[in-house]
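Remarks on the overall topology
The chain contents come next:
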Amino acid sequence: MSGDNTDGSQQEFELPIYKARDCDSKEQAPAEPQVTLDMFNELQLEVLQLRAEFAKLRRQLDELQADPD
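All values derive from a computational prediction rather than experimental measurement. (Residues numbered from 1 in each chain as written. Predicted model: local features only at pLDDT ≥ 70, side-chain atom pairs only at ≥ 80, totals over all residues. Heavy atoms only, no water.)

**A word on the overall build of the protein**
A count of helical and extended segments in the protein gives two helices and two strands. When the helices and strands of the protein are listed from N to C terminus, the series reads β-α-β-α. By the burial criterion, 3% of the 69 residues in the protein qualify as buried. Surface exposure of the protein reaches about 6,700 Å², of which carbon and sulfur atoms provide 52%. (Helix = DSSP H or I, 4+ residues; strand = E, 2+ residues; numbered from the N terminus. Buried < 20%, exposed > 50% of the residue type's maximum accessible area, 1.4 Å probe, protein only. Areas by Shrake-Rupley, 256 points an atom, 1.4 Å probe, with all protein chains shown as cover.)

**A word on the side chain of threonine 36**
Along the polypeptide, threonine 36 turns up in strand 2 (residues 35-36). A polar contact of 3.1 Å, which involves the side chain of threonine 36, links it to the backbone nitrogen of methionine 39. (Polar contact = N/O pair within 3.5 Å; in protein donor to acceptor, adjacent residues only side chain to side chain.)

**Quick notes on the confidence of the model for the protein**
Residues of the protein with pLDDT of at least 70 account for 55%, and the chain-wide mean is 76. Between the elements of the protein, mean pLDDT differs from a low of 61, seen in helix 1 (residues 20-23), to a high of 95, seen in helix 2 (residues 37-66). In the predicted structure, residues 1-9 sits below a pLDDT of 50 and forms six contacts with residues beyond four places in sequence or in another chain. (pLDDT = per-residue confidence, 0-100. Contact = heavy atoms within 4.5 Å.)

Right, dumping it as structure tokens:
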């Protein structure tokens, strides 16, 4: 998944990615929120699932519109 958005509406942004062990320390929590690698991977999976669901709905809509009732 390399930002292959065809409509160009997706904004480019960069998230700091940290390994889970970097965030599990007993030290004071950093002022900035951190995104762990596990969290990032879960979000990527969610995006893939949403894209698949959207494609399924788009296909159903196209079939309904093409049906000459």
